[in-house]
Amino acid sequence: MLLDLSEEHREHLAFLPQVDSAVVAEFGRIAVEFLRRGSNAKIYEGAARKLNVSSDTVQHGVEGLTYLLTESSKLMISELDFQDSVFVLGFSEELNKLLLQLYLDNRKEIRTILNELAPDLPTYHSLEWRLDVQLASRSLRQQIKPTVTFKLHLNHNGEHNTKVLQTDPATLLHLVQQLEQALEEMKTNHCRRVVRNIK
Amino acid sequence: MELSESVQRGFQTLADPGSFDSNAFALLLRAAFQSLLDAQADEAVLDHPDLKHIDPVVLKCCHAAAATYILEAGKHRADKSTLSTYLEDCKFDRERIELFCTEYQNNKNSLESLLESIGKSLPHITDVSWRLEYQIKTNQLHKMYRPAYLVTLNVENTDSQSYPEISFSCNMEQLQDLVGKLKDASKSLERATQL
(Lines give C-alpha, C1' and ligand atoms only; values in the text may rest on other atoms or scores of the structure.)
Protein backbone atom coordinates (compact mmCIF):
# COMPACT_ATOMS: atom_id res chain seq x y z
CA MET A 1 0.00 0.00 0.00
CA LEU A 2 1.42 3.36 -1.01
CA LEU A 3 1.06 6.56 0.89
CA ASP A 4 -0.98 9.23 -0.78
CA LEU A 5 0.85 12.52 -0.34
CA SER A 6 -1.08 15.68 -1.09
CA GLU A 7 0.26 18.71 -3.03
CA GLU A 8 0.55 20.74 0.14
CA HIS A 9 2.34 17.93 1.91
CA ARG A 10 4.85 17.59 -0.91
CA GLU A 11 5.51 21.33 -0.84
CA HIS A 12 6.28 21.17 2.86
CA LEU A 13 8.59 18.26 2.42
CA ALA A 14 10.36 19.99 -0.47
CA PHE A 15 12.31 21.93 2.12
CA LEU A 16 14.15 18.80 3.26
CA PRO A 17 16.54 18.31 0.31
CA GLN A 18 17.67 21.92 0.73
CA VAL A 19 19.44 21.19 4.01
CA ASP A 20 22.08 18.70 5.21
CA SER A 21 21.22 15.17 6.19
CA ALA A 22 22.31 16.08 9.68
CA VAL A 23 19.59 18.73 9.76
CA VAL A 24 16.99 16.28 8.42
CA ALA A 25 17.98 13.81 11.09
CA GLU A 26 17.59 16.56 13.66
CA PHE A 27 14.16 17.43 12.26
CA GLY A 28 13.26 13.77 12.58
CA ARG A 29 14.29 13.79 16.20
CA ILE A 30 12.25 16.96 16.83
CA ALA A 31 9.22 15.42 15.08
CA VAL A 32 9.22 12.36 17.33
CA GLU A 33 9.80 14.50 20.41
CA PHE A 34 6.80 16.61 19.45
CA LEU A 35 4.71 13.47 19.11
CA ARG A 36 5.76 12.45 22.58
CA ARG A 37 5.37 15.77 24.31
CA GLY A 38 3.62 18.27 22.09
CA SER A 39 5.08 20.94 19.86
CA ASN A 40 7.19 23.88 20.97
CA ALA A 41 7.25 26.93 18.70
CA LYS A 42 10.54 28.21 20.12
CA ILE A 43 12.39 25.30 18.58
CA TYR A 44 11.17 26.37 15.15
CA GLU A 45 12.46 29.90 15.67
CA GLY A 46 15.88 28.75 16.81
CA ALA A 47 16.28 26.44 13.85
CA ALA A 48 14.97 29.09 11.42
CA ARG A 49 17.61 31.56 12.55
CA LYS A 50 20.42 29.04 12.23
CA LEU A 51 19.33 27.95 8.75
CA ASN A 52 18.51 31.46 7.63
CA VAL A 53 14.97 30.68 6.54
CA SER A 54 11.55 31.65 7.84
CA SER A 55 10.13 30.01 10.92
CA ASP A 56 7.13 28.87 8.87
CA THR A 57 9.32 26.94 6.47
CA VAL A 58 10.93 25.07 9.32
CA GLN A 59 7.56 24.38 10.89
CA HIS A 60 6.14 23.00 7.66
CA GLY A 61 9.17 20.86 7.15
CA VAL A 62 8.92 19.32 10.59
CA GLU A 63 5.15 18.90 10.33
CA GLY A 64 5.46 17.32 6.91
CA LEU A 65 7.97 14.89 8.30
CA THR A 66 5.75 14.17 11.29
CA TYR A 67 2.77 13.42 9.09
CA LEU A 68 4.87 11.18 6.87
CA LEU A 69 6.02 9.21 9.89
CA THR A 70 2.63 8.94 11.58
CA GLU A 71 0.77 7.88 8.45
CA SER A 72 3.36 5.26 7.64
CA SER A 73 3.31 3.98 11.23
CA LYS A 74 -0.47 3.96 11.40
CA LEU A 75 -0.77 1.86 8.25
CA MET A 76 2.27 -0.18 9.18
CA ILE A 77 3.47 -0.07 5.58
CA SER A 78 6.32 -2.27 4.49
CA GLU A 79 9.83 -1.00 3.78
CA LEU A 80 9.29 -1.41 0.07
CA ASP A 81 6.04 0.51 0.11
CA PHE A 82 7.61 3.29 2.15
CA GLN A 83 10.49 3.59 -0.30
CA ASP A 84 8.11 3.65 -3.26
CA SER A 85 5.94 6.29 -1.62
CA VAL A 86 8.89 8.53 -0.90
CA PHE A 87 10.40 7.94 -4.32
CA VAL A 88 7.78 10.18 -5.95
CA LEU A 89 9.15 13.13 -4.04
CA GLY A 90 12.31 12.97 -6.12
CA PHE A 91 14.76 13.13 -3.27
CA SER A 92 18.34 11.91 -3.34
CA GLU A 93 19.24 8.31 -2.59
CA GLU A 94 20.86 9.40 0.66
CA LEU A 95 17.79 11.33 1.83
CA ASN A 96 15.48 8.44 0.96
CA LYS A 97 17.63 6.08 3.02
CA LEU A 98 17.60 8.51 5.91
CA LEU A 99 13.82 8.82 5.84
CA LEU A 100 13.41 5.04 5.72
CA GLN A 101 15.69 4.64 8.71
CA LEU A 102 13.77 7.30 10.58
CA TYR A 103 10.55 5.40 9.88
CA LEU A 104 11.88 2.01 10.94
CA ASP A 105 13.56 3.31 14.07
CA ASN A 106 10.53 5.16 15.37
CA ARG A 107 7.63 3.11 14.08
CA LYS A 108 7.06 1.09 17.22
CA GLU A 109 7.04 4.09 19.51
CA ILE A 110 4.81 6.12 17.23
CA ARG A 111 2.31 3.27 17.13
CA THR A 112 2.29 3.19 20.91
CA ILE A 113 1.54 6.91 20.98
CA LEU A 114 -1.21 6.55 18.36
CA ASN A 115 -2.74 3.78 20.40
CA GLU A 116 -3.39 6.23 23.18
CA LEU A 117 -5.72 8.22 20.90
CA ALA A 118 -8.22 5.38 20.64
CA PRO A 119 -11.50 5.37 22.60
CA ASP A 120 -10.31 4.43 25.96
CA LEU A 121 -11.63 2.44 28.87
CA PRO A 122 -9.83 2.41 32.15
CA THR A 123 -6.96 -0.06 31.96
CA TYR A 124 -5.75 -2.37 34.63
CA HIS A 125 -2.57 -1.26 36.30
CA SER A 126 -2.19 -3.41 39.41
CA LEU A 127 -3.94 -4.91 42.41
CA GLU A 128 -3.11 -4.83 46.11
CA TRP A 129 -4.90 -7.12 48.53
CA ARG A 130 -5.27 -7.64 52.23
CA LEU A 131 -6.92 -10.30 54.38
CA ASP A 132 -9.05 -9.09 57.26
CA VAL A 133 -11.20 -10.80 59.84
CA GLN A 134 -14.08 -8.80 61.22
CA LEU A 135 -14.43 -9.47 64.95
CA ALA A 136 -17.30 -7.23 65.96
CA SER A 137 -19.47 -4.35 64.84
CA ARG A 138 -21.84 -1.98 66.52
CA SER A 139 -24.73 -4.30 65.75
CA LEU A 140 -23.15 -7.69 66.45
CA ARG A 141 -20.37 -8.84 68.75
CA GLN A 142 -18.16 -11.95 68.66
CA GLN A 143 -17.92 -12.34 64.91
CA ILE A 144 -15.40 -14.18 62.81
CA LYS A 145 -16.00 -12.85 59.35
CA PRO A 146 -13.08 -13.20 56.90
CA THR A 147 -12.91 -10.55 54.21
CA VAL A 148 -10.51 -9.76 51.43
CA THR A 149 -9.90 -6.08 50.76
CA PHE A 150 -8.53 -4.91 47.41
CA LYS A 151 -7.04 -1.74 46.07
CA LEU A 152 -7.47 -1.81 42.32
CA HIS A 153 -5.19 0.56 40.42
CA LEU A 154 -6.51 1.71 37.06
CA ASN A 155 -5.22 4.12 34.43
CA HIS A 156 -7.62 6.25 32.46
CA ASN A 157 -6.69 9.00 30.03
CA GLY A 158 -3.36 9.40 31.71
CA GLU A 159 -4.88 9.60 35.16
CA HIS A 160 -4.31 7.04 37.83
CA ASN A 161 -7.42 5.94 39.74
CA THR A 162 -7.69 3.62 42.66
CA LYS A 163 -10.77 1.79 43.84
CA VAL A 164 -11.01 0.15 47.22
CA LEU A 165 -13.22 -2.92 47.18
CA GLN A 166 -14.00 -5.90 49.31
CA THR A 167 -15.18 -9.43 48.87
CA ASP A 168 -15.78 -12.64 50.77
CA PRO A 169 -13.74 -15.85 50.40
CA ALA A 170 -16.37 -17.65 48.32
CA THR A 171 -16.60 -14.84 45.79
CA LEU A 172 -12.80 -14.63 45.65
CA LEU A 173 -12.61 -18.26 44.58
CA HIS A 174 -15.35 -17.62 42.03
CA LEU A 175 -13.41 -14.63 40.63
CA VAL A 176 -10.26 -16.72 40.26
CA GLN A 177 -12.15 -19.49 38.52
CA GLN A 178 -13.93 -17.18 36.09
CA LEU A 179 -10.84 -15.22 35.14
CA GLU A 180 -8.76 -18.35 34.70
CA GLN A 181 -11.38 -19.52 32.23
CA ALA A 182 -10.99 -16.20 30.44
CA LEU A 183 -7.25 -16.76 30.10
CA GLU A 184 -7.76 -20.34 28.93
CA GLU A 185 -9.99 -19.11 26.15
CA MET A 186 -7.05 -17.69 24.22
CA LYS A 187 -5.58 -21.16 24.00
CA THR A 188 -8.62 -22.74 22.37
CA ASN A 189 -8.59 -23.85 18.74
CA HIS A 190 -11.14 -21.25 17.80
CA CYS A 191 -9.10 -18.33 19.05
CA ARG A 192 -5.89 -19.74 17.67
CA ARG A 193 -7.48 -20.06 14.23
CA VAL A 194 -8.70 -16.46 14.31
CA VAL A 195 -5.29 -15.17 15.35
CA ARG A 196 -3.58 -17.21 12.65
CA ASN A 197 -5.88 -16.13 9.87
CA ILE A 198 -6.55 -12.46 10.47
CA LYS A 199 -3.40 -10.67 9.55
CA MET B 1 -26.40 -5.71 78.43
CA GLU B 2 -27.80 -2.35 79.35
CA LEU B 3 -31.53 -2.15 79.21
CA SER B 4 -33.65 0.90 79.84
CA GLU B 5 -36.40 1.39 82.36
CA SER B 6 -39.07 1.17 79.69
CA VAL B 7 -37.86 -2.26 78.64
CA GLN B 8 -37.98 -3.40 82.20
CA ARG B 9 -41.46 -2.00 82.71
CA GLY B 10 -42.70 -3.54 79.49
CA PHE B 11 -41.39 -6.90 80.54
CA GLN B 12 -42.89 -6.67 83.99
CA THR B 13 -46.26 -6.10 82.35
CA LEU B 14 -45.67 -9.02 80.01
CA ALA B 15 -44.88 -11.23 82.95
CA ASP B 16 -48.17 -10.45 84.65
CA PRO B 17 -50.83 -13.06 83.82
CA GLY B 18 -53.43 -10.45 84.68
CA SER B 19 -52.35 -8.22 81.78
CA PHE B 20 -51.31 -10.96 79.35
CA ASP B 21 -52.75 -14.46 79.52
CA SER B 22 -50.64 -17.33 78.11
CA ASN B 23 -52.15 -17.07 74.65
CA ALA B 24 -51.68 -13.30 74.43
CA PHE B 25 -48.11 -13.63 75.66
CA ALA B 26 -47.24 -16.22 73.01
CA LEU B 27 -48.86 -14.07 70.31
CA LEU B 28 -47.02 -10.94 71.36
CA LEU B 29 -43.74 -12.81 71.51
CA ARG B 30 -44.23 -14.17 68.04
CA ALA B 31 -45.26 -10.72 66.76
CA ALA B 32 -42.04 -9.24 68.18
CA PHE B 33 -39.85 -11.75 66.35
CA GLN B 34 -41.90 -11.39 63.21
CA SER B 35 -41.66 -7.63 63.02
CA LEU B 36 -37.88 -7.85 63.42
CA LEU B 37 -37.13 -10.71 61.11
CA ASP B 38 -39.85 -10.89 58.52
CA ALA B 39 -39.11 -8.46 55.70
CA GLN B 40 -42.75 -8.48 54.67
CA ALA B 41 -44.15 -7.84 58.15
CA ASP B 42 -46.52 -4.91 58.25
CA GLU B 43 -47.83 -2.72 61.04
CA ALA B 44 -50.82 -5.00 61.45
CA VAL B 45 -48.68 -7.58 63.20
CA LEU B 46 -50.33 -6.68 66.49
CA ASP B 47 -53.83 -6.78 64.99
CA HIS B 48 -54.69 -10.24 66.20
CA PRO B 49 -58.26 -10.75 67.56
CA ASP B 50 -56.86 -12.37 70.73
CA LEU B 51 -54.92 -9.20 71.52
CA LYS B 52 -57.84 -6.81 70.99
CA HIS B 53 -58.83 -6.74 74.63
CA ILE B 54 -55.51 -5.25 75.71
CA ASP B 55 -55.00 -1.49 75.77
CA PRO B 56 -53.15 -0.56 72.52
CA VAL B 57 -50.67 1.65 74.36
CA VAL B 58 -49.74 -1.20 76.69
CA LEU B 59 -49.53 -3.52 73.72
CA LYS B 60 -47.13 -1.20 71.92
CA CYS B 61 -44.95 -0.72 74.99
CA CYS B 62 -44.63 -4.44 75.55
CA HIS B 63 -44.00 -5.12 71.90
CA ALA B 64 -41.26 -2.48 71.84
CA ALA B 65 -39.74 -3.82 75.04
CA ALA B 66 -39.66 -7.35 73.70
CA ALA B 67 -38.19 -6.28 70.35
CA THR B 68 -35.52 -4.17 72.06
CA TYR B 69 -34.55 -6.98 74.36
CA ILE B 70 -34.38 -9.49 71.51
CA LEU B 71 -32.05 -7.19 69.56
CA GLU B 72 -29.79 -6.57 72.54
CA ALA B 73 -29.62 -10.26 73.30
CA GLY B 74 -28.82 -11.04 69.69
CA LYS B 75 -26.15 -8.35 69.58
CA HIS B 76 -24.36 -9.72 72.62
CA ARG B 77 -24.95 -13.34 71.66
CA ALA B 78 -26.72 -14.02 74.92
CA ASP B 79 -26.98 -17.66 75.98
CA LYS B 80 -29.94 -19.39 77.59
CA SER B 81 -28.78 -18.76 81.14
CA THR B 82 -28.41 -15.01 80.53
CA LEU B 83 -31.92 -14.87 79.09
CA SER B 84 -33.37 -16.92 81.94
CA THR B 85 -31.71 -14.81 84.59
CA TYR B 86 -33.05 -11.57 83.19
CA LEU B 87 -36.54 -12.92 82.67
CA GLU B 88 -36.57 -14.32 86.19
CA ASP B 89 -35.64 -10.89 87.48
CA CYS B 90 -38.63 -9.55 85.61
CA LYS B 91 -40.80 -12.06 87.41
CA PHE B 92 -41.62 -14.32 84.46
CA ASP B 93 -42.94 -17.77 85.40
CA ARG B 94 -41.10 -20.88 84.31
CA GLU B 95 -43.46 -21.59 81.42
CA ARG B 96 -43.04 -18.15 79.87
CA ILE B 97 -39.27 -18.27 80.28
CA GLU B 98 -39.18 -21.61 78.45
CA LEU B 99 -41.37 -20.26 75.66
CA PHE B 100 -39.20 -17.18 75.26
CA CYS B 101 -35.99 -19.22 75.16
CA THR B 102 -37.45 -21.65 72.64
CA GLU B 103 -38.64 -18.87 70.33
CA TYR B 104 -35.28 -17.14 70.70
CA GLN B 105 -33.41 -20.33 69.85
CA ASN B 106 -35.58 -20.92 66.77
CA ASN B 107 -34.93 -17.42 65.47
CA LYS B 108 -31.32 -17.03 66.61
CA ASN B 109 -29.68 -17.63 63.23
CA SER B 110 -31.94 -15.25 61.34
CA LEU B 111 -31.46 -12.66 64.03
CA GLU B 112 -27.68 -12.89 63.91
CA SER B 113 -27.69 -12.77 60.10
CA LEU B 114 -29.76 -9.65 60.22
CA LEU B 115 -27.50 -7.96 62.74
CA GLU B 116 -24.40 -8.95 60.83
CA SER B 117 -25.67 -7.34 57.68
CA ILE B 118 -26.27 -3.98 59.31
CA GLY B 119 -23.40 -1.57 59.13
CA LYS B 120 -21.15 0.21 56.72
CA SER B 121 -18.68 -1.65 54.65
CA LEU B 122 -16.66 -1.10 51.52
CA PRO B 123 -18.26 -1.74 48.15
CA HIS B 124 -18.57 -5.48 47.89
CA ILE B 125 -17.69 -7.44 44.76
CA THR B 126 -20.41 -9.94 43.94
CA ASP B 127 -19.54 -11.18 40.47
CA VAL B 128 -17.29 -10.74 37.48
CA SER B 129 -17.94 -10.84 33.73
CA TRP B 130 -15.36 -10.82 31.01
CA ARG B 131 -15.14 -10.41 27.27
CA LEU B 132 -12.31 -11.43 25.01
CA GLU B 133 -11.83 -9.47 21.79
CA TYR B 134 -9.33 -9.37 18.99
CA GLN B 135 -8.39 -5.81 18.09
CA ILE B 136 -7.95 -5.21 14.38
CA LYS B 137 -7.84 -1.47 13.83
CA THR B 138 -8.91 1.95 15.02
CA ASN B 139 -9.12 5.11 12.98
CA GLN B 140 -5.72 6.09 14.36
CA LEU B 141 -3.97 2.77 14.14
CA HIS B 142 -4.29 -0.02 11.62
CA LYS B 143 -3.10 -3.61 11.73
CA MET B 144 -3.24 -3.96 15.50
CA TYR B 145 -3.96 -7.72 15.65
CA ARG B 146 -3.90 -8.31 19.33
CA PRO B 147 -6.24 -9.83 21.91
CA ALA B 148 -7.71 -7.72 24.70
CA TYR B 149 -9.97 -8.44 27.63
CA LEU B 150 -12.76 -6.34 29.05
CA VAL B 151 -13.48 -7.22 32.67
CA THR B 152 -16.50 -5.97 34.61
CA LEU B 153 -16.80 -6.34 38.36
CA ASN B 154 -20.32 -6.27 39.76
CA VAL B 155 -20.29 -4.37 42.99
CA GLU B 156 -22.84 -3.89 45.74
CA ASN B 157 -22.98 -0.95 48.08
CA THR B 158 -24.56 -2.06 51.34
CA ASP B 159 -25.84 1.30 52.50
CA SER B 160 -26.98 2.97 49.33
CA GLN B 161 -28.35 -0.22 47.80
CA SER B 162 -26.79 0.83 44.54
CA TYR B 163 -25.06 -1.49 42.12
CA PRO B 164 -22.27 0.32 40.37
CA GLU B 165 -20.05 -1.60 37.99
CA ILE B 166 -16.34 -1.29 37.57
CA SER B 167 -15.10 -2.01 34.06
CA PHE B 168 -11.59 -2.02 32.78
CA SER B 169 -9.66 -3.40 29.87
CA CYS B 170 -6.44 -5.34 30.02
CA ASN B 171 -4.12 -7.34 27.81
CA MET B 172 -3.08 -10.90 28.42
CA GLU B 173 -0.12 -10.09 30.68
CA GLN B 174 -2.19 -7.77 32.80
CA LEU B 175 -4.94 -10.34 33.22
CA GLN B 176 -2.33 -12.92 34.18
CA ASP B 177 -1.01 -10.48 36.76
CA LEU B 178 -4.50 -9.92 38.15
CA VAL B 179 -5.29 -13.63 38.33
CA GLY B 180 -1.90 -14.32 39.92
CA LYS B 181 -2.57 -11.79 42.65
CA LEU B 182 -6.08 -13.11 43.27
CA LYS B 183 -4.64 -16.61 43.58
CA ASP B 184 -2.06 -15.37 46.08
CA ALA B 185 -4.86 -13.89 48.16
CA SER B 186 -6.88 -17.09 48.09
CA LYS B 187 -3.87 -19.25 48.95
CA SER B 188 -3.13 -16.96 51.82
CA LEU B 189 -6.72 -17.30 52.95
CA GLU B 190 -6.47 -21.08 52.80
CA ARG B 191 -3.33 -21.07 54.90
CA ALA B 192 -4.90 -18.75 57.44
CA THR B 193 -7.92 -21.00 57.85
CA GLN B 194 -5.68 -23.98 58.52
CA LEU B 195 -3.95 -22.36 61.46
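Remember, it's a predicted structure, so these values are computed and weren't measured experimentally.

Calculation notes
All residue numbers here refer to positions counted from 1 along the written sequence of the relevant chain. Ligands are numbered from 1 and chains lettered from A, in the order in which they are written. A pLDDT threshold of at least 70 governs which residues receive local features in this predicted model, and a stricter bar of 80 or more applies before side-chain atom pairs are shown or counted, although totals over entire chains, interfaces and linings include all residues. Hydrogens and waters are ignored; side-chain quantities use all the structure's heavy atoms. In this text, buried Ala, Val, Leu, Ile, Met, Phe, Trp, Tyr and Cys residues form a nonpolar core when linked through side-chain atoms within 4.5 Å. Each residue's exposure class comes from its accessible area (1.4 Å probe, protein chains only) as a fraction of the maximum for that residue type: buried when under 20%, exposed when over 50%, partly exposed otherwise. Helix and strand assignments follow DSSP, with helices taken as H or I runs no shorter than four residues and strands as E runs no shorter than two, numbered in order from the N terminus. Note on contacts: a residue pair is in contact if any heavy atoms of the two residues lie within 4.5 Å. Orientation is described by axes fitted as lines to C-alpha atoms, over the contacting stretch for helices, and by angles from 0 to 180 degrees between their N-to-C directions. Here the word oblique covers every angle except those under 35 degrees (roughly parallel), over 145 (roughly antiparallel) and from 65 to 115 (roughly perpendicular). Here a crossing is taken to be left-handed if its near helix is turned anticlockwise relative to the far helix by less than a right angle, and right-handed if that turn runs clockwise. Only Asp, Glu, Lys and Arg are considered charged in this grouping, and only Ala, Val, Leu, Ile, Met, Phe, Trp, Tyr, Cys and Pro are considered nonpolar; every other residue, Gly among them, is considered polar. Where each domain begins and ends is defined by an automated method or by a domain database. Two parts placed together each lose some accessible area under a 1.4 Å probe, and adding up what both lose gives the buried area. A side-chain nitrogen of Lys or Arg and a carboxyl oxygen of Asp or Glu constitute a salt bridge if their distance falls within 4 Å.

Student: Talk me through the nonpolar core; I want residue IDs and the actual numbers.
Tutor: Core analysis: the biggest nonpolar cluster contains 37 residues, and F11, L14, F20, Y69, L83, F92 and F100 of chain B have the highest contact counts within it. The set of elements that each furnish at least two residues to this core consists of α1 (5-15), α2 (22-37), α3 (56-75), α4 (80-89) and α5 (94-117) of chain B. Among the elements that line this core, the one with the most residues is α2 of chain B, at 8 residues. What F100 of chain B contacts, discounting residues up to four positions off in sequence, is F11, L29, Y69, I70, L83 and L87 of chain B. Core analysis: the second largest hydrophobic core is formed by 36 residues, L13, A31, A48 and Y103 of chain A among them.

Student: Before we move on, can you summarise the packing of helix α4 (residues 55-75) of chain A against helix α6 (residues 93-115) of chain A with the specific residues and values?
Tutor: Residues and elements named next belong to chain A. At a closest axis distance of 8 Å, the pairing of α4 and α6 adopts a crossing angle of 70°. Classified by the interaxial angle, the pair formed by α4 and α6 is roughly perpendicular. In this structure, α4 crosses over α6, and the sense of that crossing is right-handed. Contacts from L65, L69, T70, S72, S73 and K74 in α4 reach L99, L102, Y103, R107, I110, R111 and L114 in α6. Grouping the amino acids of the contact of α4 with α6 by side-chain chemistry returns 7 nonpolar, 3 polar and 3 charged.

Student: Account for the domain arrangement of chain B, with residues named and values stated.
Tutor: Split into domains, chain B comes out as domain 1 (5-117) and domain 2 (124-193). Taking only C-alpha atoms into account, the centre of domain 1 of chain B sits 48 Å from that of domain 2 of chain B.

Student: An account of the interface of chain A and chain B is needed here, citing residue identities and associated values.
Tutor: Listed as interface residues are 56 residues of chain A and, on the opposing side, 55 residues of chain B. Buried surface at the junction of chain A and chain B, both sides included, amounts to about 5,300 Å², of which 69% is carbon and sulfur. Looking only at chain A, the three residues that lose the most surface to chain B are Y124, L179 and L183 of chain A, adding up to 14% of its buried area. Our count for the chain A to chain B interface comes out at 2 salt bridges. Put simply, K145 of chain A and E116 of chain B hold a salt bridge, and the shortest N to O gap is 4.0 Å.

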